[in-house]
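Reading the structure
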Amino acid sequence: MLSCWLLSKCDCKKEKEKKANCFLKMLTNSSEFRTTLTRCVTTNPCDTLLPILDNLQGFLCTKESFSSPPFEELLTAVQTRLPDLLQASAGSEAVFTVLEVACNIRRLHTKSSSVCDSQDLKMVCKVIQLLVRDAHLVAMTTTAGINYLYITLLQTAAMDDFRILSVIITNSALLQKLQHCLSNVGQQELSLESGDSSSSGTGQCIAAGLLVAALAKFEQHGSVKASHVVTVTVEWLFAASSSTDQRLQACALQLWTTWFISNCHSSVLRVYRDQRLSMLRDEDVGLSISSRDLRLLLLILQRQIYMDVGLVHHSAVRCLQVALAYSRQKNTALAQHLVLQPWSQTLLQALADKCESGLSASAFFSLLLLLIEESVHSTTVDGLITQTFQYVCNVPLDRILPSTASCLCTDVIYRVLTSGYRSHLDKQLLTSLTSRLTTLQEKLIAGVSPIEGHWKPDIILQGATLMCRDLCLVRRRLELKDVTKLLHLLQ
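Residues numbered from 1 in each chain as written. Predicted model: local features only at pLDDT ≥ 70, side-chain atom pairs only at ≥ 80, totals over all residues. Heavy atoms only, no water.

1. Concerning the overall build of the protein
When helices and strands are tallied, the protein shows 24 helices and four strands. For the protein, contacts bridging at least 24 residues in sequence account for 77% of all contacts bridging at least 6. A total of about 22,000 Å² of accessible surface is found on the protein, and carbon and sulfur atoms cover 51% of it. (Helix = DSSP H or I, 4+ residues; strand = E, 2+ residues; numbered from the N terminus. Contact = heavy atoms within 4.5 Å. Areas by Shrake-Rupley, 256 points an atom, 1.4 Å probe, with all protein chains shown as cover.)

In structure tokens form, the structure reads like this:
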């Protein structure tokens, strides 16, 4: 009886809502219902299971995390049938639901994200076929398909498994599809877009940009090169970076960042200026981006870091770091000029006031380190160096240990102790620092390990778009040798 009810279709809107509410209540509270549902998913033909997926998607999309054992068997059963469900739904509106369920299972189901088996490879290949062969695929379905490739790539690459990367990056038809999605939204449209526009071309444009950025990020780990180069103009990236849609901003910043990380020579991503500048300066020699554009980018980044919007802030901090590293590698004088602008210290002071946030702390220490490396002496910088030492002396140890910001903090301390800044520090403060570092050293010797295992991508659902907030962030753990080195300098 329960199986028949699960597989039945409702034509009336009120009946659908009533069944959906009942489904959610029983799924949450009844183990017998979950067992029957799992059996239905496992044994029934795929075309009869589509009504169940509608209700299951209504349950999954409301969850931000998911680690409940009673649901593991059900989600595993659904995931196993996904390739066949996608094939059964081809040509119908149900294909969107199948892709949405697939994305949410990947996002929430811990077991599914830790391995890549033959079913995952089969599903990826079927999604690629759907995207490249169906020219009339609606935008929301295209977005969901690209989302699935994106989240699967992130999770498998995080486990040092690059098979999905190889499948995607060598498929020229798919890369051309991503190019089409990006090119479909022009600069003027970008400045007008806001809010959740997944039903328009903007949703698929963002999804495509994020996937290209992820490919550019991980291509250095794979043994194959892209079969097609996706091109993006400098003008388009600036327009997206300044858009009112935070997803577009984050997408553009991740494209900038991965391009700089590749030393502007990615096999899958090419950034170029559509309108050539009438005059280049001497400092532009050897740069793949003009010094004028680099200055404008840094102004945009500093504004976004100052605004401290979480979705964009992650990407802006890392983009600032790699853009300056790139400029320093190519032109030391230009890099120094960029760092020494007065607004750098203004931003630094603003970040210092927000250091309770782990992310703001990372941005603060990164920017302070840049100024110290350029030997900037000012009341602001000297005061913030003292504040950094006080931070280490006073913050609880359980907050120091797991924090990537702490590694940047120790970098700052090391630079200060090995430079002329040390003479400005109070002896009592140095004594307090020695005591705190000794305690921290004992914790690390006892085996307290800040970050264990592989990197787990921080993936969130933003509107209809899946986004990895920490794609390009460098994750480090505080090690015993770092603390010991500082203590040796303090002796």
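2. Some details on the pattern of salt bridges
Note on pairing: side chains with opposite charge can pair once their charged atoms come close. Tallying each qualifying case throughout the model produces seven salt bridges. As a salt-bridge pair, arginine 273 and glutamate 235 come within 3.3 Å of each other at their nearest N and O atoms. Within this pair, whereas arginine 273 is found in the loop between β2 (269–272) and α15 (291–307), its partner glutamate 235 is found in helix α13 (residues 234–241), the two being separated by 38 residues in sequence. Look at arginine 273 and you get partly exposed, because its relative accessible area is 22%. (Salt bridge = Lys/Arg side-chain N within 4 Å of Asp/Glu carboxyl O. Buried < 20%, exposed > 50% of the residue type's maximum accessible area, 1.4 Å probe, protein only.)

3. Re the packing of helix α6 (residues 94–108) against helix α7 (residues 118–133)
Between α6 and α7, whose axes approach to 13 Å, the crossing angle comes to 140°. In terms of orientation, α6 lies oblique with respect to α7. The interaxial crossing formed by α6 with α7 has left-handed handedness. Contact residues: Val95, Leu99, Ala102 and Arg106 in α6; Asp120, Met123, Val127 and Leu130 in α7. Partitioned by chemical class, the residues of the contact of α6 with α7 number six nonpolar, no polar and two charged. (Axes fitted to C-alpha atoms, helices over the stretch in contact; angles between N-to-C directions. Parallel < 35°, antiparallel > 145°, perpendicular 65-115°, else oblique. Left-handed = near helix turned anticlockwise from the far one by under 90°. Nonpolar A, V, L, I, M, F, W, Y, C, P; charged D, E, K, R; others polar.)

4. Points about the packing of α7 against helix α8 (residues 139–158)
Contact geometry of α7 with α8 gives a least axis separation of 10 Å together with a crossing angle of 145°. Crossing of α7 against α8: the hand is left-handed. Each of Asp120, Met123, Val124, Val127, Ile128 and Leu131 in α7 lies in contact with α8, whose residues at this interface are Thr142, Gly145, Ile146, Tyr148, Leu149 and Thr152. Classifying every residue of the contact of α7 with α8 by side-chain character gives eight nonpolar, three polar and one charged.

5. With respect to the confidence of the model for the protein
Considering every residue of the protein, the mean pLDDT works out to 82; 85% of them sit at 70 or more. No element of the protein has a lower mean pLDDT than helix α11 (residues 187–192), at 61, and none a higher one than strand β1 (residues 230–233), at 96. pLDDT under 50 marks residues 193–199. Its contacts with residues more than four places away, or in other chains, come to 23 contacts. (pLDDT = per-residue confidence, 0-100.)

6. A look at the pairing of strand β4 (residues 465–468)
Residue alternation in β4 divides its side chains into two sets, Thr465 and Met467 and Leu466 and Cys468, and both sets are buried. Inspection of the sheet shows strand β3 (residues 459–462) paired to β4 by four bridges, in the antiparallel sense. Bridge pairing in β4 places isoleucine 459 opposite cysteine 468. Counted between consecutive antiparallel strands, the loop separating β3 from β4 contains two residues, among which glycine 463 sits at a positive phi close to 65°. (Pairing = 2+ DSSP bridges.)

7. Observations regarding the nonpolar core
With 163 residues, the main nonpolar core has Leu215, Trp256, Phe260 and Phe389 as its most contacted residues. Excluding anything up to four places from it in sequence, tryptophan 256 contacts Val234, Leu237, Phe238, Ser241, Val271, Ile289, Leu297 and Cys319. (Core = buried A, V, L, I, M, F, W, Y, C linked by side-chain atoms within 4.5 Å.)

8. Things to note about the pairing of β2
With burial as the criterion, only one face of β2 is covered, namely that bearing Leu269 and Val271; the residues Arg270 and Tyr272 on the opposite face remain uncovered. For β1 and β2, the ladder comprises four bridges, and the chain directions are parallel. Looking at β2, one finds that valine 230 is bridged to leucine 269.

9. Overview of helix α14 (residues 246–261)
Its 16 residues give α14 an end-to-end C-alpha distance of 22 Å, which sits within 8% of 22 Å, the value for a rise of 1.5 Å per residue. Most of α14 is tucked away, with 14 of its 16 residues classed as buried. The first or second residue beyond α14 is asparagine 263, which carries a positive phi of 60°. (Expected span 1.5 Å × (residues − 1).)

10. Observations regarding the packing of aromatic side chains
Applying the stated rule across the entire model yields seven aromatic pairs. Their ring planes at 85° and their centres at 5.5 Å tell us that phenylalanine 23 and phenylalanine 33 sit as a pair that is edge-to-face. Placement of the pair is phenylalanine 23 in helix α2 (residues 13–29) and phenylalanine 33 in helix α3 (residues 31–43), with a sequence separation of ten residues. Accessibility assignment for this pair places phenylalanine 23 and phenylalanine 33 in one class, buried. (Phe/Tyr/Trp six-rings, centres within 6.5 Å; stacked < 30°, edge-to-face > 60°.)

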